[in-house]
Amino acid sequence: MNRTGAGTLTAERVGEQAKVQGWVHRRRDHGGVIFLDVRDRSGVVQAVVHPESTPDAAKALDPARLEWVVEVEGEIVRRDPDKVNPKMATGEIEIQVRRGRVLGPSEPMPFGVEGAQDASEETRLKYRFLDLRRQGLQNNLRLRSDFTIESLGYFREQGFVNVETPMLTRSTPEGARDYLVPSRLNHGSFYALPQSPQLFKQILMVSGLERYVQFARCFRDEDLRADRQPEFTQIDVEMSFVDEEDVYGLVEGLFARVFPLAGIEPPASYPRLSYDDAMLRYGNDRPDLRVDLEIEDVTDCLRETGFRAFQAAVASGGVIRGVHIPGAASSSRRQVDEYADIARRHGAAGVLWVKRDGGVPSFLVKGALTDGQVETLADRLGVEEGGLGLLVAGPAPTAAAALGALRVEVGRRFGHMREDAHEFLWVHDFPLVAWNGDEGRWNATHHPFTSPRMEDLELLESDPGSVRSRAYDVVLNGNEIGGGSIRIHDRDVQKRVLAVLGIDAAEAEQRFGFLFEALSYGAPPHGGIALGVDRIVMLMAGASSLRDVIAFPKTASAVCLMTEAPSTVDQEQLLELGLRVRPRGG
């Protein structure tokens, strides 16, 4: 008899014979009768073993305990009405077992599959092969599989060619540390695992491929958190003869195809927001538009006050900005202290407030502002009766970061977040470079191959910080889920950008000579994007961590607890590679 999926058995199949192979999900013994809930990838079904009528089956299955692998075979029968289990998809029926056997015994479990979420994450990652038996994690992996298959179908329909690029390449600066691989055949030389296939996909455009896609594995040796892993997957896309709107349209079409797999219907077109507007109105470059609150700059109306904190901010070139939280005037002293702590964690000295309670606005520091100034401030922030305006004074980046965090956290507390919404948007016109004060040089905001806006090109050497790039990010609910740009396809412009980044002509030639040469042979205008598969599926699944949508993830310290990687290697292997391990700092 062929195997039958446990979860496929329904009342319509009563009277048929079935053979189910799977894991013992539950076991109960009543008056000598054995009840086994058997689970496979399709679901769970109850199997009943009667020792008096099927003694051989009872003897074979009697040892079976939780998570043993068993085979049961028998007739599908309808349960008695008072025994129907509405919580199970197969709760109307059961299998009356006539034959059975143990296929694989199990050691006592370190945690129960149903209660796995109560075990520590460290324990679950050590026994990941058991943790993955949870239905939730399996559903996430199936969603990821469907996402991958559907995405590739979409790109094929759009005329893209799936090309695999090298995993062993040379080290190039892309903003994070490389994972290096020593070469046995070329002592003293190293490959790098790719942070992205960026240069290869640009060269494919020079090659005339025009439309490339790859589910690319990428590696970055950087500090981790819930939404980062040292190895990750991205949908890597590049197209020739396109502008930003072409890329936007392609991605919006993809998302219209894949997000419904999780019951999410994206809009036909997403809002577009410049980087400057995003920072001013929402405090960061990946704003969560589920929160219907915006930041207001009130520097101009407080510039002439005698309040020392405001005077100091303005005198040092800073700003005074605030956000209105309707209904938050009732916040207790303790709650306001919590708001100040949030602001301090993002670099601010604290928060000031203005509120309207009883019709008359009031300011935190009595007498610091005139009644007219308090009224003007409240009006500018839109503070209505029962509302609270939170203010931060200081450098613009600090005010943005602090208020950006406050608008989300306090907005959520007071009911100004649409938790079930899915808000997509594009953020564009990022600065081409940002000043790194610690290193005393300019860093690429995205990567060194992003094109500047041509109207800003004349400022590249004289005022690099004011040059806008043709970069763009796609954002969902405060999460960047993809980033890309129109690339530099002119060799001389590429050399100028590298020079601004402190890479002189000799070093540029040594690192990127192959790119310069490729750009010399008829390079078309081109652009693309990389979409974070792990993060997108995490959001689609409603998971709280990337680890919930990756089969075998690493910990926050980049360790695989199951395989105990990374590990030491034999001294002979090191000698063959011409390497030796010295103590850190030695």
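Here the structure is a predicted model, which is why all the values come from computation and not from measurement. (Residues numbered from 1 in each chain as written. Predicted model: local features only at pLDDT ≥ 70, side-chain atom pairs only at ≥ 80, totals over all residues. Heavy atoms only, no water.)

1. Comments concerning unusual backbone geometry
Only a minority of non-glycine residues have a phi that is not negative, and only a minority of peptide bonds are not trans.
(1) Moving on: In this structure, Pro566 follows Ala565 across a cis peptide bond, with omega equal to 5 degrees.
(2) Moving on: In this structure, Pro566 sits in the loop between α15 (533-541) and α16 (571-577).
(3) Moving on: Positioned with a positive phi, Glu210 is a non-glycine residue whose angle comes to about 70 degrees.
(4) Moving on: Structurally, Glu210 is set in the loop between α5 (198-206) and β9 (211-219).
(5) Moving on: Taking relative accessible area as the criterion, Glu210 reaches 39% and is therefore assigned partly exposed.
(6) Moving on: Backbone geometry at Phe241 places phi at a positive 60 degrees, although glycine is not the residue there.
(7) Moving on: Among the structural elements, Phe241 can be located in the loop between β10 (231-240) and α6 (244-258).
(8) Moving on: Given a relative accessible area of 56%, Phe241 falls into the exposed group. (Helix = DSSP H or I, 4+ residues; strand = E, 2+ residues; numbered from the N terminus. Buried < 20%, exposed > 50% of the residue type's maximum accessible area, 1.4 Å probe, protein only.)

2. Description of the nonpolar core
(1) Moving on: Formed by 38 residues in total, the largest nonpolar core has its most connected members in Phe155, Ile235, Val237, Phe255, Phe259, Ile529 and Leu531.
(2) Moving on: The set of elements that each furnish at least two residues to this core consists of α4 (135-157), β10, α6, β17 (424-428), β20 (471-476), β21 (479-486), β22 (526-532) and α15.
(3) Moving on: Element by element, the count of residues in this core is highest for α6, at seven residues.
(4) Moving on: Beyond its immediate stretch of four places on either side in the chain, Phe155 contacts Phe160, Val213, Ile235, Val237, Leu250 and Leu254. (Core = buried A, V, L, I, M, F, W, Y, C linked by side-chain atoms within 4.5 Å. Contact = heavy atoms within 4.5 Å.)

3. Points about the sheet that holds strand β16 (residues 388-394)
(1) Moving on: Spatial strand order, β12-β13-β16-β14-β15: five strands in an open sheet with antiparallel pairing. The open sheet is flanked by β12 (295-297) and β15 (361-363), the only strands paired with a single partner. Between one strand axis and the next, the sheet turns by 25 degrees as a mean value, whatever way the strands run.
(2) Moving on: When β12 meets strand β13 (residues 319-325), the two strands line up antiparallel, connected through three bridges. Looking at β13, one finds that Glu296 is bridged to Gly322.
(3) Moving on: Packed on one face of the sheet, helix α11 (residues 371-381) meets β12, β13, β14 (352-356), β15 and β16 and runs near 85 degrees to β14. (Pairing = 2+ DSSP bridges. Axes fitted to C-alpha atoms, helices over the stretch in contact; angles between N-to-C directions.)

4. Quick word on the pattern of salt bridges
(1) Moving on: Summed over the entire model, instances satisfying the criterion amount to 50 salt bridges.
(2) Moving on: In this structure, Asp37 engages Arg26 in a salt bridge whose closest nitrogen and oxygen atoms are separated by 3.2 Å. Placement of Asp37 in strand β2 (residues 33-40) and of Arg26 in strand β1 (residues 17-30) is noted, with a sequence separation of 11 residues between them.
(3) Moving on: Residue Arg26 is classed as partly exposed on the basis of its relative accessible area, which comes to 32%.
(4) Moving on: Of the charged contacts, one joins Arg144 and Asp534 as a salt bridge, the two residues approaching to 2.7 Å between their closest N and O atoms. (Salt bridge = Lys/Arg side-chain N within 4 Å of Asp/Glu carboxyl O.)

5. Let's talk about helix α9 (residues 308-315)
(1) Moving on: Every buried residue of α9 is listed here: Phe310, Ala313 and Val314. Take α9 and look down its axis: the buried residues cluster within an arc of 95 degrees, on one side only. Every exposed residue of α9 that faces more than 90 degrees away from the buried side is listed here: Arg308 and Ala315.
(2) Moving on: Taken together, the buried residues of α9 touch α8 (299-302), β13, β14, β15 and β16.
(3) Moving on: Positive backbone phi, approximately 85 degrees, marks Gly317, located one or two places after α9. (Arc of directions from axis to C-beta.)

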